[in-house]
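A look at the structure
Listed below are the residues making up each chain.
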Amino acid sequence: MPPRARRSLELIPNEIARKMTFRKRKKCIYKKADELSKLCDIDVCLIIYEADQKKGRAIQSETWPQDSAEFNRIFNKYKASKDIHIPGLKQNFDLSDFFNTTKKEDVDQKFENLYPTWDDRIDEFSQVELIKLIGSLEAKIQASSKKIDSMEQNRNVSKAEEHRTNQVPDQ
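Notes on the structure follow.

Basis of the calculations
Residues numbered from 1 in each chain as written. Predicted model: local features only at pLDDT ≥ 70, side-chain atom pairs only at ≥ 80, totals over all residues. Heavy atoms only, no water. Helix = DSSP H or I, 4+ residues; strand = E, 2+ residues; numbered from the N terminus. Buried < 20%, exposed > 50% of the residue type's maximum accessible area, 1.4 Å probe, protein only. Contact = heavy atoms within 4.5 Å. Areas by Shrake-Rupley, 256 points an atom, 1.4 Å probe, with all protein chains shown as cover. Core = buried A, V, L, I, M, F, W, Y, C linked by side-chain atoms within 4.5 Å. Salt bridge = Lys/Arg side-chain N within 4 Å of Asp/Glu carboxyl O. Expected span 1.5 Å × (residues − 1). Phe/Tyr/Trp six-rings, centres within 6.5 Å; stacked < 30°, edge-to-face > 60°.

Now for the overall build of the protein. On a plain count of helices and strands, the protein comes out with five helices and two strands. Secondary structure elements in the protein, listed N-terminal to C-terminal, are α-β-β-α-α-α-α. Expressed as a percentage of the 171 residues in the protein, the buried residues total 8%. Considering only contacts in the protein between residues 6 or more positions apart, those separated by 24 or more positions represent 26%. Carbon and sulfur atoms provide 56% of the accessible area of the protein, an area that totals close to 16,300 Å².

For the rest of this paragraph, the subject is the nonpolar core. Grouped together as the largest cluster of nonpolar side chains are six residues: Tyr30, Ala33, Val44, Leu46, Ile48 and Trp64. For this core, the elements supplying multiple residues, two or more each, are helix H1 (15–40) and strand E1 (46–52).

On to the pattern of salt bridges. This structure, assessed with the given rule, holds six salt bridges. For Lys26, the salt bridge is made with Glu62, and the minimal N-O distance between the two is 2.7 Å. Taken together, the residues Lys26 in helix H1 and Glu62 in strand E2 (residues 57–64) connect sequence positions 36 residues apart. For Lys38, the salt bridge goes to Asp34, with nearest N and O atoms at 3.2 Å. Here Lys38 and its partner Asp34 are both found in helix H1, four residues apart, which amounts to about one turn of the helix. Judged by its relative accessible area of 62%, Lys38 is exposed. The structure contains a network of salt bridges with shared partners spanning Asp43, Glu70, Arg73 and Lys77.

Another point: H1. Compared with the 38 Å implied by 1.5 Å per residue over 26 residues, the 37 Å span of H1 between its first and last C-alpha is a close match. Regarding H1, the residues found buried are Arg18, Lys26, Tyr30 and Ala33. Asp41 sits one or two residues past H1 and shows a positive phi near 55°.

Time to look at unusual backbone geometry. The amide bond that connects Trp64 to the next residue, Pro65, takes the cis arrangement and shows omega of 5°. Residue position: Pro65 is located in the loop between E2 and helix H2 (68–81). Phi at Asp41 takes a positive value of approximately 55°, unusual for a residue other than glycine. What makes Asp41 exposed here is its relative accessible area of 71%.

What characterises a pair of aromatic rings is the spacing of the ring centres plus the angle enclosed by the ring planes. Summed over all chains, the structure comprises two aromatic pairs. Relative to Phe75, the ring of Phe71 lies with its centre 5.9 Å away and its plane at 10°, an arrangement referred to as stacked. A residue pair is termed a helical-turn pair when its members lie 3 or 4 positions apart in one helix, as Phe71 and Phe75 do in helix H2 at four residues. On the basis of relative accessibility, which here comes to 9%, the residue Phe71 falls in the buried class. Residue Phe75 is classed as partly exposed on the basis of its relative accessible area of 29%. Judged by centre distance (6.5 Å) and plane angle (40°), the rings of Phe75 and Tyr78 are tilted. Of this pair, Phe75 and Tyr78 both sit in helix H2, separated by three residues, roughly a single helical turn. The class of Tyr78 is partly exposed, set by a relative accessible area of 38%. By the ring-pair criterion, three or more aromatic residues cluster together here, those being Phe71, Phe75 and Tyr78.

Rendered as structure tokens:
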């Protein structure tokens, strides 16, 4: 028996069919969560937001398990587990946790390591070597400025030509 062809994952254009598919899949997810919870003896909870297509926002969240006390117990257990460090156990992090733990100094140090702003060898340069270095840097800055100006002129000329070719002549 040949394998079934994979369906492309894209938005279902028909709104009625999309809502029907959502309901079926939501029911399946609830069933899988229940099976996972029972078979593996673990706590599982789900939060599902159904989008309101007309207003572009979530209508109301649905939670599983439907017993709010059980859901709150599991959710609070999850939130508390983020604060406890157990050796050998991976921590739960979200994006805000990442940015809160990353210090600005650490980021600055990594940037400095990748793109150093100073070379210690310059400290040992003589006055003549420093003058040569400054002259060399100024020449490179001028060459770069000319290159940038040339690129901007070429871009402006290209835009002007494109604009002329896109105009329809009056008849």
